[in-house]
Amino acid sequence: MSLPLRSTIAALVAAAALPVAADADRERENLARLEHELALLASEIRAAKADAPSIARIHFQYDDLARDIDLIRAGIADHLDAPRHPRPIEPLKGDYRR
């Protein structure tokens with residue numbers, strides 16, 4: 001394979017990988033923004049619970065809603081905290097002759 005052809009192929013492979021990295025960064029930014037919005041929502045839920053009438057016939061379950069929001073936030077945080085790169089693997093020995 002000629003050098004110009006190799007260079008062209010390498011450039012195409014590198015260019016094809018750029019949108020994937022940009023998409024992954026955009027996803028992380030969106031998830032971080034969602035996690036922040038859910039944190040704000042959690043404080044709104046606490047305020048709504050404090051303002052809820054105590055002598056209502058039917059009570060809204062603010063604690064259940066807050067727990068669900070916390071679970072969603074934890075799932076997003078777990079995804080954001082996960083390593084971005086594959087874990088290293090031990091290389092194969094490759095030489096099986098003695």
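Residues numbered from 1 in each chain as written. Predicted model: local features only at pLDDT ≥ 70, side-chain atom pairs only at ≥ 80, totals over all residues. Heavy atoms only, no water.

**With respect to the overall build of the chain**
For step 1, the next point in the chain: Within the chain one finds two helices and zero strands.
For step 2, the next point in the chain: When each of the 98 residues of the chain is scored for burial, the buried share is 8%.
For step 3, the next point in the chain: Contacts in the chain between residues at least 24 apart in sequence constitute 71% of all its contacts with a sequence separation of at least 6. (Helix = DSSP H or I, 4+ residues; strand = E, 2+ residues; numbered from the N terminus. Buried < 20%, exposed > 50% of the residue type's maximum accessible area, 1.4 Å probe, protein only. Contact = heavy atoms within 4.5 Å.)

**Let's talk about the UniProt feature "coiled-coil region" (unreviewed entry) in the chain**
For step 1, the next point in the chain: When the UniProt feature table is mapped onto this chain numbering, "coiled-coil region" (unreviewed entry) sits at residues 24–51.
For step 2, the next point in the chain: From the first C-alpha to the last, residues 24–51 spans 41 Å; its make-up is 100% helix and 0% strand. (UniProt positions renumbered as here; feature names shortened; annotations may be inferred.)

**What to know about the pattern of salt bridges**
For step 1, the next point in the chain: Inspection of the entire model under this criterion finds three salt bridges.
For step 2, the next point in the chain: Here D63 and K49 are joined by a salt bridge, their closest N and O atoms 2.7 Å apart. Placement of the pair is D63 in helix α2 (residues 62–81) and K49 in helix α1 (residues 3–51), with a sequence separation of 14 residues.
For step 3, the next point in the chain: Under the relative-accessibility criterion, K49 is labelled partly exposed at 41%.
For step 4, the next point in the chain: Two residues, D64 and R67, come together in a salt bridge whose shortest N-O distance is 2.9 Å. (Salt bridge = Lys/Arg side-chain N within 4 Å of Asp/Glu carboxyl O.)

**Re the nonpolar core**
For step 1, the next point in the chain: Judged by nonpolar contacts, L31, L38, A42, I45, I69, I76 and L80 together constitute the single largest core of seven residues.
For step 2, the next point in the chain: If you list the elements that add at least two residues to this core, you get α1 and α2.
For step 3, the next point in the chain: With four residues, the top contributor of residues to this core is α1.
For step 4, the next point in the chain: Apart from the residues within four sequence positions on either side, L31 is in contact with I76, H79 and L80. (Core = buried A, V, L, I, M, F, W, Y, C linked by side-chain atoms within 4.5 Å.)

**As for α2**
For step 1, the next point in the chain: Along its 20 residues, α2 runs 28 Å from first to last C-alpha, staying within 8% of the 28 Å computed at 1.5 Å per residue.
For step 2, the next point in the chain: For α2, the set of buried residues is I69, I76, A77 and L80. Here the buried residues of α2 occupy an arc of 100° about the axis, which is enough to place them on one side. Summarising the geometry of α2, the exposed residues directed more than 90 degrees from the buried face are L71 and D78. (Expected span 1.5 Å × (residues − 1). Arc of directions from axis to C-beta.)

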